[in-house]
Amino acid sequence: MDLDAFTELLTPRGRRALEEARELRGADPVAAATRLRRSHDAALASAALTQAALRERARAKFGDQAELMFFTPHGLEQATRADVAAHRAHRLVAGALPAPGTGAAAAGGLRVVDVCCGVGGDFLELARAGCVVDAVDTDPLTVAVARANAEALGLADRVKVRVADAATVSPEDYDVLFADPARRGARGRTFDPLAYSPPWPVVLDLVARARRVCLKVAPGIPYEFIPEGAEAEWVSFKGEVKEASLWIGPGASGEGVRRRATLLPGGQTLSATGAAAPVGPLGRYVYEPDGAAIRAHLVGEVAELVGGRLADPMIAYITGDEPVDTPWAARYEVAEALPFSLKRLRAALRERHIGNVTIKKRASAVDIDRLRADLRLSGDKSGVVILTRVMDKPSALICHPTSPA
């Protein structure tokens, strides 16, 4: 889809094509294209079908509003889930007041510059939270899509979108700098901040000139790239780590907090206290900390919450003797613990009539798919097998989940 084809989608004729394409979702692609081309030219029919498919995929991130929005394939992949963007926007507004002399109060809210706006997943929530946003992106098609999203959702009066390079922006003219550097290049996804777009040195130059900053980064960002004095917040949505945010500047982060984990949609938050988990024998229960807590190096804090300990000092499984409910960890009751051996594990599972097994592993080189095939299970019961190390010894734990629903 090029810029001309997208622009055509915004016309009355294009919107009719979009509606027809929506009704054809789920049909055979060739048949859908043939039918749509009876009333529209090939370029418009292709653009409408592509957009209808993207909207269907986008529902996982944007819910019902996806039906009103526009996307590019790359833009949808990179876009922030609406729940996560809303959490960040509300936190930013609650923690940062307009700086004197910026005119923010007169404009009706914090003035935010979004220097890598993509299709607008973040600035839409910033605008809903009351911010006035100037958004930029280097790609004209992406800018057109982002602008159309602001208009489609009734936020065009609070968002201005233009084509520009992040490096040309003056963050000192705004209350807040928001940046979500692209983490995908010609060779695919990159985990190296120096390969972000814009590169990390350009981002840091913008940060140095900004009053307050929120950076969206990959969850696996190396700790050495986190700026001095920043708070790093890892966010998990329904048990899956989605991203990390770096908060910099007065009012942008909790006083003295350097590492934080947040669970969505519940909104629970856990920050670093310096708690260190003790090490001890395997107990009746195993707790698997949420990935956000692990990324934030808060396993000690989770262990303190459940009164637990580590069965191995180098592995983020917590063990304990009592069933403690917490949103920060899934709990499993250990039915049997044995040194890892395919033969012994197969026999133990068969003895328990376990034919459906969930296999988890940490610090184990075992190939899960191959193990599942080699186990050749049969039976009418379910279970969980945790492959890990207990006091540096490869072990298999046969468990049953006991966390509350």
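Once a new chain begins, its residue numbering starts again from 1 and follows that chain's sequence as written. Residue-level local features of this predicted model are given only where pLDDT is at least 70; pairs of side-chain atoms are given and counted only at 80 or more, and the full residue set underlies all totals for whole chains, interfaces and linings. No hydrogens and no water enter the side-chain calculation; it runs on all heavy atoms of the structure.

### Remarks on the confidence of the model for the protein
Confidence of the predictor at the level of single residues is given by pLDDT, which spans 0 to 100. Looking at the protein as a whole, its pLDDT mean stands at 92, while 94% of the residues score no less than 70. Throughout, a contact is declared for two residues whenever any of their heavy atoms are within 4.5 Å. Confidence drops under a pLDDT of 50 for residues 97-107, and excluding neighbours within four residues, the segment shows 17 contacts in the predicted structure.

### Concerning helix α10 (residues 200-209)
Among the residues of α10, W200, V203, L206 and V207 are the ones counted as buried. For α10, the angular spread of buried residues about the axis comes to 120°, placing them on one side. Turned more than 90 degrees from where α10 packs its buried face, P201 and A208 sit exposed. Only runs of H or I of at least four residues qualify as helices and only runs of E of at least two qualify as strands under DSSP, and these elements are numbered from the N terminus. Those residues of α10 that are buried are in contact with β4 (176-179), β7 (213-217) and β9 (240-248). Type-normalised accessible area, obtained with a 1.4 Å probe on protein chains alone, sets the label of each residue: buried when under 20%, exposed when over 50%, and partly exposed for intermediate values. Picture the helix axis, draw a direction to every C-beta atom, and the arc is the one those directions span.

### Some details on the packing of helix α13 (residues 342-351) against helix α14 (residues 368-375)
Closest axis-to-axis distance for the α13/α14 pair is 10 Å, and the angle between their directions is 60°. Taken together, the axes of α13 and α14 lie oblique to each other. The handedness of the crossing between α13 and α14 comes out as right-handed. Taking contact as the criterion, the partners of L342, L345, R346, L349 and R350 in α13 are, on α14, L371, D374 and L375. Each residue receives one of three labels: charged for Asp, Glu, Lys and Arg, nonpolar for Ala, Val, Leu, Ile, Met, Phe, Trp, Tyr, Cys and Pro, and polar for the others, Gly being one of them. Partitioning the contact of α13 with α14 into residue classes produces 5 nonpolar, no polar and 3 charged. Fitted lines through C-alpha atoms serve as axes, helices being fitted only where they are in contact, and the angles separating the N-to-C directions of these axes extend from 0 to 180 degrees. Orientation labels follow simple angle bins: below 35 degrees gives roughly parallel, above 145 gives roughly antiparallel, 65 to 115 gives roughly perpendicular, and whatever is left gives oblique. What makes a crossing left-handed is the near helix being turned counterclockwise from the far one by less than a right angle; a clockwise turn instead makes it right-handed.

### Observations concerning helix α3 (residues 29-36)
Every buried residue of α3 is accounted for by A32, A33 and L36. Angular distribution of buried residues about the axis of α3 spans 95°; they occupy a single face of the element. Of the exposed residues in α3, the ones pointing more than 90 degrees away from its buried face are V30 and R35. Buried residues along α3 sit in contact with α2 (12-23) and α4 (42-62).

### Remarks on the sheet that holds strand β17 (residues 381-390)
In space, the 7 strands of this open sheet follow the order β13-β14-β12-β15-β18-β17-β16, with mixed pairing throughout. Because the sheet does not close on itself, it has two edges, and the strands there are β13 (309-310) and β16 (354-361). Bridge count for strand β12 (residues 285-289) against strand β14 (residues 318-320) is 3 bridges, and the pairing is antiparallel. The residue bridging Y287 from the neighbouring strand is I318, located in β14. We treat two strands as partners when DSSP finds at least two bridges between them.

### Remarks on the nonpolar core
Ranked by internal contacts, the top residues of the largest apolar core, which has 53 residues, are F6, F62, F71, V112, F123, V133 and V161. Broken down by element, the residue count for this core peaks at 8 residues, all from α4. Apart from the residues within four sequence positions on either side, F123 is in contact with D114, C117, V133, A135, A146, A150, V159 and V161. Grouping buried Ala, Val, Leu, Ile, Met, Phe, Trp, Tyr and Cys residues that are joined through side-chain atoms within 4.5 Å yields what is termed a nonpolar core.

### So, the packing of aromatic side chains
Stacked, tilted and edge-to-face are the three classes assigned to paired rings of Phe, Tyr and Trp, where Trp is represented by its six-membered ring and a pair needs centres within 6.5 Å; plane angles under 30 degrees give stacked, over 60 edge-to-face, the rest tilted. Taken as a whole and assessed by the stated rule, the structure comprises 5 aromatic pairs. Look at Y196 and W200: their rings are 5.9 Å apart centre to centre, the planes differ by 85°, and that puts the pair in the edge-to-face class. The exposure class assigned to W200 is buried, which follows from its relative accessible area of 3%. Taken together, the aromatic side chains of Y196, W200 and F225 make up a single cluster linked through ring pairs. Positioned above the aromatic ring of F70, the side-chain terminus of R55 is 4.8 Å from the ring centre. Only when the NZ atom of a Lys or the CZ atom of an Arg is both within 6 Å of the ring centre and within 35 degrees of the ring normal do we say a charge sits over the ring. Above the ring of Y285, the side-chain terminus of R331 is found at 6.0 Å from the ring centroid.

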